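What the coordinates show
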Amino acid sequence: MGLPRLGGKGGNGGDVWVVAAKNMTLKRVKDKYPEKRFVGGAGANSSVRALKGERGMDMEILAPVGITVTTDNGKIVGDLNTDGDRLMVVKGGAGGSFNSAFQPSKGQTKHIRLDLKLIADLGLVGFPNAGKSSLLTAVSNATPQIGSYAFTTLRPQIGKVMYEDYKQITVADLPGLIEGAHLNKGMGHKFLKHVERTKQLLFVVDVCGFQLASKTPFRSPFEAVQLLTKELELYKEELVSKPALLVVNKMDLPDAEDKLAELKEQLRNPDEFSHLLPGDMIPKSSMTFRHIVPVSATTGFGVDRLKKCIRESLDDEAATATKDIHQDRLQALRWQSQQHL
């Protein structure tokens, strides 16, 4: 509080921040802060020796990189995308002063949630039974559940692709989409939430097409690609602009080469084949794939080429991002120098 006799001002209370730290995990957050209650330090009273009281200590909550901080009702407070990013979630109260009859004001209080969505460099996107789990096993060290029935992946499975120069790339096998996922059908929003924070997308389709159940229509590989694109678009349109690769799986099946050639032709001229889809499921714009890679997760055909394409695509994106950062910094320096002239 303030010191009325000399018109002193009490120190402000400390703020509460969420800070992204590279080596943190949500489990470590839970273990480190079991009480789940975070309070900034109290400001010091003013005194004859210090008319302005010392400010209270800030409270920092260390959290993993890739966190979205939300309120209980789902409102986004902010994102922490890189190591060292900071987000103030509540502000400490003001110290007592003449204007407040030398009484301090209470700081803010808020319930927050930490939502980790940045889970991998690459996210596998496909309808159930497209062979995503088998593909993850083929390219990485992961051992997801694999079966001949549609829904074998109910939560994200993470695998690491290892390279000879010790580079590691994380790949997430996400729960299979179904038509209507944007309406929260099936795994719906749980799946699409994870897609948001993978750096790139790896579409996986069955070269022979797909049918979820006897009562649902059969979908060709081209229709599967377009429907997956539409589901992403309806959930959040900017997802369609993410860098993407396409894996055409199960190339060990009969007539696979002919079906692959047909798919490539359809993807080159998607408007000519849009009549194959219901009118409300035609995407506004088609995905542009950096690479189209035929593979057989079962036999290993094409897996080495896929790993090479994944590395190339991520390296290209990183180089572009670095170049953009350098250009932004150079522009900022030029602007600062002009202000001093």
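One numbering rule holds for all chains: residues counted from 1, following each sequence as written. Since the coordinates come from a predicted model, pLDDT governs what is reported: local features require at least 70, and pairs of side-chain atoms require 80 or more to be given and counted, while whole-chain, interface and lining totals use all residues. By convention in this description, side-chain values take in all heavy atoms of the structure and omit both hydrogens and water.

The helix and strand labels rest on DSSP assignments: H or I over at least four residues marks a helix, E over at least two residues marks a strand, and numbering proceeds from the N terminus. Of the regular secondary structure elements, the protein holds six helices and twelve strands. When burial is assessed residue by residue, the protein has 43% of its 341 residues classed as buried. Contacts are assigned to residue pairs that have any heavy atoms within 4.5 Å of one another. Considering only contacts in the protein between residues 6 or more positions apart, those separated by 24 or more positions represent 68%. Here the open area of atoms and residues is found with the Shrake-Rupley method and a 1.4 Å probe, where only the protein chains shown may cover a residue. Approximately 19,200 Å² of the protein is accessible, and the part contributed by carbon and sulfur atoms is 52%. Working definition: with a 1.4 Å probe on protein chains only, accessible area under 20% of the residue-type maximum means buried, over 50% means exposed, and in between means partly exposed.

Structurally, Leu-201 is set in strand β10 (residues 198-206). Classification of Leu-201 by relative accessible area gives buried; the value is 0%. Placed 43 residues apart in sequence, Leu-201 and Ala-244 show a C-alpha to C-alpha distance of 4.6 Å.

Attention now goes to the confidence of the model for the protein. Residue-level confidence of the predictor is summarised by pLDDT, bounded by 0 at the bottom and 100 at the top. Residues at a pLDDT of 70 or more form 83% of the protein, whose mean pLDDT is 81. Note that residues 144-154 has pLDDT below 50 and, in this model, 30 contacts with residues that lie over four places away or in other chains. Low pLDDT, under 50, characterises residues 179-189; the stretch is placed with 23 contacts to residues that sit more than four places away or in other chains.

It is worth spelling out unusual backbone geometry at this point. For Lys-250, which is not glycine, the phi dihedral falls at a positive 70°. Among the secondary structure elements, Lys-250 is positioned in the loop between β11 (244-249) and α5 (256-268). The class of Lys-250 is partly exposed, set by a relative accessible area of 22%.

Soluble globular proteins tend to pack their nonpolar side chains together in the buried interior. Of all hydrophobic cores here, the largest spans 28 residues; its most connected members are Phe-203, Val-205, Leu-246 and Val-248. Among the elements of the structure, β10, α4 (221-235), β11 and α5 are those that each provide at least two residues to this core. A total of six residues in this core trace back to one element, the largest contributor, which is α4. Each nonpolar core is a collection of buried residues, namely Ala, Val, Leu, Ile, Met, Phe, Trp, Tyr and Cys, held together in the definition by side-chain atoms within 4.5 Å. Grouped together as the second largest cluster of nonpolar side chains are 22 residues, Leu-202, Val-247, Leu-306 and Ile-310 included.

For salt bridges, the criterion is a side-chain nitrogen of Lys or Arg within 4 Å of an Asp or Glu carboxyl oxygen. For the structure on display, the rule yields twelve salt bridges. The residue Asp-15 makes a salt bridge to Arg-55 at a minimum N-O spacing of 2.7 Å. Here Arg-55 lies in the loop between α1 (26-32) and β2 (59-64) and Asp-15 lies in the segment before β1 (16-21), a separation of 40 residues in the sequence. In this structure, Arg-219 engages Glu-223 in a salt bridge whose closest nitrogen and oxygen atoms are separated by 3.5 Å. In this pair, the class of Arg-219 matches that of Glu-223, namely buried.

Now for a negative patch on the surface. Patches draw on residues past 30% relative accessible area with no salt bridge. Two like charges within 9 Å are joined, as are two nonpolar side chains (Val, Leu, Ile, Met, Phe, Trp, Tyr) within 5 Å. In summary, the charge assignment counts Lys and Arg as positive and Asp and Glu as negative, without counting His or the chain termini. Charge positions come from single atoms, namely NZ of Lys, CZ of Arg, CG of Asp or CD of Glu. A surface patch of like charges, here negative, comprises Asp-255, Glu-257, Asp-258 and Glu-262. With respect to the helices and strands, the residue Glu-257 is situated in helix α5.

Structurally, the position occupied by Tyr-33 is in the loop between α1 and β2. Here the alpha-carbon distance between Tyr-33 and Leu-62, two residues 29 residues apart in the chain, equals 9.8 Å. With sequence-adjacent residues up to four places away left out, Tyr-33 is seen in contact with Phe-38, Met-59, Glu-60, Ile-61 and Leu-62. Engagement of the side chain of Tyr-33 in a polar contact is seen with the backbone nitrogen of Leu-62, the distance being 3.3 Å. Counted as a polar contact is a pair of N or O atoms within 3.5 Å, where, for protein atoms, one must be capable of donating a hydrogen and the other of accepting one, and residues adjacent in sequence contribute only when both atoms are in side chains.

Quick look at the packing of α4 against α5 now. Here, axes are lines fitted to C-alpha atoms. For helices the fit covers the stretch in contact, and angles between N-to-C directions go from 0 to 180 degrees. Here α4 crosses α5 at 40°, and the two axes come no closer than 9 Å. Judged by the angle between their axes, α4 and α5 are oblique. Here Pro-221, Phe-222 and Val-225 of α4 come into contact with α5, specifically with Leu-263, Gln-266 and Leu-267. Polar here means any residue other than Ala, Val, Leu, Ile, Met, Phe, Trp, Tyr, Cys and Pro, which are nonpolar, and Asp, Glu, Lys and Arg, which are charged; Gly is therefore polar. For the contact of α4 with α5, the per-class residue count stands at five nonpolar, one polar and no charged. Each angle is binned into one of four classes, with values under 35 degrees roughly parallel, values over 145 roughly antiparallel, values of 65 to 115 roughly perpendicular, and all other values oblique.

Okay, the sheet that holds strand β4 (residues 76-80) next. Taken in spatial order, the three strands of this open sheet run β4-β3-β6, and their pairing is antiparallel. Two strands in the sheet have a free side with no partner beyond their single neighbour: β4 and β6 (112-116). The mean inter-strand angle of the sheet, taken between neighbouring strand axes irrespective of direction, is 20°. Pairing analysis gives four bridges linking strand β3 (residues 67-71) to β4, with the strands arranged antiparallel. We treat two strands as partners when DSSP finds at least two bridges between them.

With that settled, the discussion passes to the packing of aromatic side chains. Two numbers describe a pair of aromatic rings. These are the distance of the centres and the angle of the planes. Aromatic rings from Phe, Tyr and Trp, with only the six-membered ring used for Trp, were paired whenever their centres fell within 6.5 Å, and each pair was classed as stacked if the ring planes differed by under 30 degrees, edge-to-face if by over 60, and tilted otherwise. Under the defined criterion, the tally for this structure stands at four aromatic pairs. Seen in terms of ring centroids, Tyr-33 and Phe-38 are 5.0 Å apart; in terms of plane orientation they differ by 75°. Their pairing is edge-to-face. The exposure class assigned to Phe-38 is partly exposed, which follows from its relative accessible area of 24%. For the ring pair Phe-222 and Phe-273, a centre distance of 6.1 Å and an interplane angle of 65° mean the geometry is edge-to-face. Here Phe-273 lies in the loop between α5 and β12 (289-294) and Phe-222 lies in helix α4, a separation of 51 residues in the sequence. The rule for a charge over a ring is simple: NZ of Lys or CZ of Arg within 6 Å of the ring centre, and within 35 degrees of the ring normal. The ring centre of Trp-17 lies 4.4 Å from the NZ or CZ of Arg-86, which sits over that ring. A cation over an aromatic ring shows up here: Arg-311 above the ring of Tyr-163, its NZ or CZ 5.1 Å from the ring centre.

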